[in-house]
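# Residue-level structure breakdown
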Amino acid sequence: MESSRKQRWQQLISMIEPGFKRMLVISVALHLLVPILYYTPLFPQAKIDKPPVYRVNLVNKIVENPQAGRPEAVVVKKKPKVKPKPKVKPKVKVKPKPKLKPKVKPKVKPKPVPVKAKPVVSQVQKNKQLSTIEKMKAKLEREAAAEAQKQKIEALKAALAADSKIDSPVKDAPVGMLDGTGDEAGISAIAAVREFIQQQWSFSEYQAFGSPEAEVKLVYNQVGTMLHYTFVTKSGNDQFDKSLIRAIVKSKQLPQDLPRAMDFEIIFNLKDMLDQ
Amino acid sequence: MKYFKAFIVCIALLGWFSNVASAARIEISAPGEKTIPLAITRLLPMPGTTVSSAVAVEFQQVLLSDLELSGLFDMVDSAAFLSDANKLGLRSNEIDFYQWRLLATDALIKGGYKIDSGRLTVELRLFDVVTRRLLSGRRYVGKLTDVRKIAHKFADQIMLSLTGEKGPFATKIAYISKRTGRKELNLMDVDGHNSVRLTAHKTIVLNPDFSPTRKELIFTSYRNGNPDLFRKEIYTGRESRLSLKQGLNIGGRYSPDGREVALTLSKDKNSELYLIGTDGTIHQRLTNHWGIDVDPSWNPEGDKIAFVSDRRGNPHIFIVDVHSLEVTRLTHAGKYNATPAWSPKGDKIVYARLDKGVFNLFTIRPDGSEDRQITFGAGNKEHPRWSPDGRFLVYSNDLNKDKSIWIMRADGTGGRRISAATARDSHPAWSGRW
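Computed from a prediction, not measured in an experiment: that's the story for all the values here.

Along chain B, the regular secondary structure elements total four helices and 31 strands. In terms of its C-alpha atoms, chain B occupies a principal-axis envelope of roughly 95 × 70 × 40 Å. In chain B, once contacts between residues fewer than 6 apart in sequence are set aside, the share between residues at least 24 apart is 41%. Here chain B has roughly 19,500 Å² of accessible surface; of this, 51% comes from carbon and sulfur atoms. Separation between the mean location of the 62 positive side-chain charges and that of the 48 negative ones in chain B comes to 2 Å.

Here the structure, examined in full by the defined rule, presents 14 aromatic pairs over all chains. Between Tyr-336 of chain B and Phe-359 of chain B, the ring centres sit 5.6 Å apart and the planes meet at 80 degrees, which makes this aromatic pair edge-to-face. Of this pair, Tyr-336 of chain B sits in the loop between strand 22 (327–329) and strand 23 (337–342) while Phe-359 of chain B is found in strand 25 (residues 358–364), placing the two residues 23 residues apart along the sequence. Residue classification places Tyr-336 of chain B among the partly exposed positions, given a relative accessible area of 38%. Pairwise contacts between aromatic rings join Trp-201, Phe-203, Phe-240 and Phe-268 of chain A into one cluster. Lying over the aromatic face of Phe-231 of chain A, Lys-234 of chain A brings its terminal NZ or CZ to 5.1 Å of the ring centre. Geometry around Phe-362 of chain B places Arg-353 of chain B over its ring, the cationic atom sitting 4.1 Å from the centre.

A few words on the layout of surface pockets. Quantified by volume, the second largest pocket comes out at close to 940 Å³. For the second largest pocket, the lining is made up of 24 residues, of which Glu-205, Ala-208 and Leu-274 of chain A together with Lys-348 and Asp-411 of chain B are closest to its centre.

Across the contact, 33 residues belong to chain A and 37 residues belong to chain B. Summed over both sides, the interface between chain A and chain B buries roughly 3,200 Å², with carbon and sulfur atoms accounting for 52% of that surface. Looking at the side of chain A facing chain B, the largest losses of area belong to Tyr-206, Arg-246 and Glu-265 of chain A, adding up to 21% of the total buried there. Summed over the shared surface of chain A and chain B, the number is five salt bridges. Measuring nitrogen to oxygen at the nearest pair gives 3.0 Å for the salt bridge that ties Lys-250 of chain A to Asp-106 of chain B. Summed over the shared surface of chain A and chain B, the result is 25 residue pairs in polar contact (both at pLDDT 80 or more). Elements that contribute at least two residues to the side of chain A that touches chain B include exactly helix 6 (189–200), strand 1 (213–220), helix 7 (238–250), strand 3 (262–269) and helix 8 (271–275) of chain A. Looking at the side of chain A that touches chain B element by element, the count peaks at seven residues for strand 3 of chain A. Class assignment for the residues of the side of chain A that touches chain B results in 14 nonpolar, eight polar and eleven charged.

On to the domain arrangement of chain B, then. Residues and elements named next belong to chain B. Examined at the domain level, chain B breaks down into domain 1 (2–163) and domain 2 (172–430). Summarising the inter-unit geometry, the C-alpha centres of domain 1 and domain 2 are found 38 Å apart. In this complex, domain 1 contributes ten residues to the contact, which on the side of domain 2 involves ten residues. Summed over both sides, the interface between domain 1 and domain 2 buries roughly 870 Å², with carbon and sulfur atoms accounting for 49% of that surface. Linking domain 1 with domain 2 are one salt bridge. Arg-148 is paired through a salt bridge with Asp-191; the nearest N and O atoms lie 2.7 Å apart. Our count for the contact surface shared by domain 1 and domain 2 stands at seven residue pairs in polar contact (both at pLDDT 80 or more). Every element with two or more residues in the side of domain 1 that touches domain 2 is listed here: helix 2 (53–70) and helix 4 (147–163). Per-element tally for the side of domain 1 that touches domain 2: the top contributor is helix 2, with five residues.

Attention now moves to the side chain of Gln-207 of chain A. Inspection of the secondary structure puts Gln-207 of chain A in the loop between helix 6 and strand 1. We classify Gln-207 of chain A as buried; its relative accessible area is 1%. Of note is the side chain of Gln-207 of chain A, whose polar atom sits 2.6 Å from the backbone oxygen of Leu-162 of chain B. Gln-207 of chain A has contacts with Asn-237 of chain A together with Ile-36, Leu-72, Leu-162 and Thr-163 of chain B, leaving out every residue within four places of it along the chain.

The next subject is the pairing of strand 21 (residues 316–321) of chain B. Residue and element names in this part refer to chain B. Summarising burial for strand 21: five of the six residues are buried, a large majority. Between the antiparallel neighbours strand 20 (residues 304–309) and strand 21 lie six residues, among them Gly-313 with a positive phi of about 110 degrees. Counting the residues between successive antiparallel strands, the hairpin from strand 21 to strand 22 contains five residues, one of them, Leu-325, with a positive phi of roughly 60 degrees.

Attention shifts here to the pattern of salt bridges. Residue and element names in this part refer to chain B. Per the counting criterion, the structure on display carries 32 salt bridges over all chains. Across the pair Glu-216 and Arg-214 runs a salt bridge whose closest N-O atoms are separated by 3.9 Å. The class of Glu-216 is buried, set by a relative accessible area of 4%. Owing to a relative accessible area of 45%, Arg-214 belongs among the partly exposed residues under this scheme. One salt bridge connects Arg-241 with Asp-228, and the closest N-O pair in it is separated by 2.8 Å. On the criterion of sequence distance, the pair formed by Arg-241 in strand 14 (residues 239–243) and Asp-228 in strand 13 (residues 228–233) is long-range, its members being 13 residues apart. For Arg-241, a relative accessible area of 36% gives the class partly exposed.

Definitions and limits used
Residues numbered from 1 in each chain as written. Chains lettered and ligands numbered in written order. Predicted model: local features only at pLDDT ≥ 70, side-chain atom pairs only at ≥ 80, totals over all residues. Heavy atoms only, no water. Helix = DSSP H or I, 4+ residues; strand = E, 2+ residues; numbered from the N terminus. Contact = heavy atoms within 4.5 Å. Areas by Shrake-Rupley, 256 points an atom, 1.4 Å probe, with all protein chains shown as cover. Lys, Arg positive; Asp, Glu negative; His and termini not counted. Charge placed at Lys NZ, Arg CZ, Asp CG, Glu CD. Phe/Tyr/Trp six-rings, centres within 6.5 Å; stacked < 30°, edge-to-face > 60°. Buried < 20%, exposed > 50% of the residue type's maximum accessible area, 1.4 Å probe, protein only. Lys NZ or Arg CZ within 6 Å of the ring centre and 35° of its normal. 1 Å grid on protein atoms, 1.4 Å probe; cavity = no way out; pocket = protein on both sides within 12 Å on 5 of 7 lines; lining within 4 Å. Points joined across faces, edges and corners; volume = space filled by probe spheres on them. Buried area = accessible area lost by both parts, 1.4 Å probe. Salt bridge = Lys/Arg side-chain N within 4 Å of Asp/Glu carboxyl O. Polar contact = N/O pair within 3.5 Å; in protein donor to acceptor, adjacent residues only side chain to side chain. Nonpolar A, V, L, I, M, F, W, Y, C, P; charged D, E, K, R; others polar. Domains from an automatic or database assignment. Pairing = 2+ DSSP bridges.

So this is what it looks like as C-alpha cells:
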C-alpha cells in the first residue's frame, strides 16, 4: 500500500517539468517583492491633502469678553453662584418619610413584652432608639434634599443651555474665539488685534490689481498704544500700501489692553477677497 | 573688561532674539471694509464772487453719480456733516479733520467756485482724512455750461488718485437712436447727458466704433442703398465712405493702433472677415469658411480677433490669429452667442447669449475658462462694449420693450439706464480718452 503511494508520488513528481521548483520559488519571490517595493520610497505615494475649510463669522462683532455667560463654556470657579438651596428643600422633604415608618414600627411594638423588672432600661433604650431613628430620618431627608437640589440645578443648566446654545462645528477652535469652546477669560489678544486692524482696513475690490501683499511690523505697549510701525515688505501697489497706512494709523490705539507689550508681524493680502 | 564686553553683547543678543521670538505673526487676507467712506461737501463760493447755487447743486449731482457708479465709495450722509462742511478749507491746515474722523470718513472732497464775467473757476481738493494729507488738487476754468464736464473730469482725477488709473467719466458714448423715426448715429456723455445727433442719413445706420487715435467714428449706413462702411470726423462733421464693396460692409472695428479696420464683407457671396486699411483697401482676408463670420473684436495687443461664426451649427464665439489665421473655438455652452467685445486689459471677453428666450451678458477668459453670467432678469441685454479702463460696460437693454442704453460695472453690478426713455437706442460704443 505504502509502496503504491510512493510510486504515485514519484509519478506525480516525474510529471513536473525540470526547473518547475525554481520557477515556483522565483514566482513567489516576485509576488512578495511587489508589496515590499510598494512601501519603499521608490513608489512615492501622493498625499491627498484635505481642502482647507474656512469659517466666516458674518454675524458676531468682536467683543471684549465674548464667552461670558455661555453655558457650554468651560466652568471657572465663579460658577457655583447657583446656590439657591432654600427654594428647593420643601418640595423634596416629604418623599422619604413613608419609607422609614414601617421599618421603625416592628422594633417598637415588641417592647411591652419583656419582664416588668427592667422598665427603666427599656425606656432608655427606647429613647436611644428613637433618637437614632430621628437622626437617620434627618440624614435621609438631608440627602434627599441635596439630591433634589442637584437634580434641579442640572435641569436649570440644561434648560439654559438649550436656550442659548451656539453650535460650533469647530470643536478644537482656539480658546476664547467667538465660535469656539473657550472659557470666560475672553478672546485671545492676537485674535482681537487681528480683528480690530482688519476692521480699520478699507480697500475696494475695484482698486485691486494683481495679488498685492505687504508685511508690516507693529509694536504695541501693554495698554494697546502703538509705539511704532515699519513696513517689512511693501506690495509695490501704491494704493494698496496707502490703504494699509490708513488702517495702521486708525489702529494706533487698540480698544483693550494687551496681556503684555507685544509685537505683531502682519501680512496683508487680498487672497480671500479675490477668491470671492 | 573683555568678559564685561562679552556679557553686554550676550545680553544685547538675548534681548534681540527674545524680541524677535515674541512677535506674533498674523495674516489678514481681506479688508474689513470693501468701500472707502467718502464725504463730498457742497461747492462753496470763493470770496468776492457771485453766489450761484445751481452751479454747486449740478456739480454735486454729477460728481456723486459718477463716484457711486464706480462702486469704490460709501458716501457719508451729508445730513451728518458738522460745522467744517460749511467752511471753504482748501488747505489741509484749514480743515478740522477730527470732525471728519468722528463721521468715520476716510476721504474728503472740498471745493469752491468763482464766477467772473461768465467764466467759471472751480478749485477742488481730495483729502485723506486719516493721514491728513492732500491727495489731489485741481483748478478748472471754463464756461458756466461746463460744470458737468468739470465734475466728470474731477471724478476721473479721484479715480486716478485712489486706484492709480484714471476713470472713464469724461469720455463719450456713441449709439444708434431711432428717436427721429430713423436709425441715426448719436453721441452723449457717459451719464447720458448732452446727447447730440451726428448723422442725418434718413435710413438705417448701424454699429459705430471709435477710432483709438483720433476723434472720429466708423459706422455702417444704408444711405447709398448698400450697407457701406462710413467714417465721420466728429468735430468737423466731415464724412466719407471707407468701404463700399458689393454686399455687406458691416461690423467695422478699428485695430488698437488705429491703422486697420476689421470688418465683415460679403463681396464673394459669403460673409467673411477682412482687414482693410484706413484708405479702404483690403489688406488681408481673415476667414475662409462657408459659415457666416461677423462681429469682429480686437484684443488689446492687436494680434487676435474674436468673432461670431455659425460654422459649427449654432452661432458661437471664435478667435482668429491675425498672423497665422488659425481659428479656435471659444464658447461651447449656449445655443446662440453673439457680439463679443474684448476688454482693454485683455483678460476677458464679454458677449451676449440667448438663454431661455432672453439675451444676457456673459464674460469669458480668452482661454475659454471662467464663463460666467453677469446680467440676469428680464430684458434682452445686447451689444456690450467696454469702457476704456475696462471697469465698466455699456450695453443695450429692451426691458419693458423700451430699448435703451445701460451702463454697469464690469462685474455686472450697479446697472443703470443712461439714455432717454422711448428713444429706442441701441448699439453703443465707448470712446477712448476724450
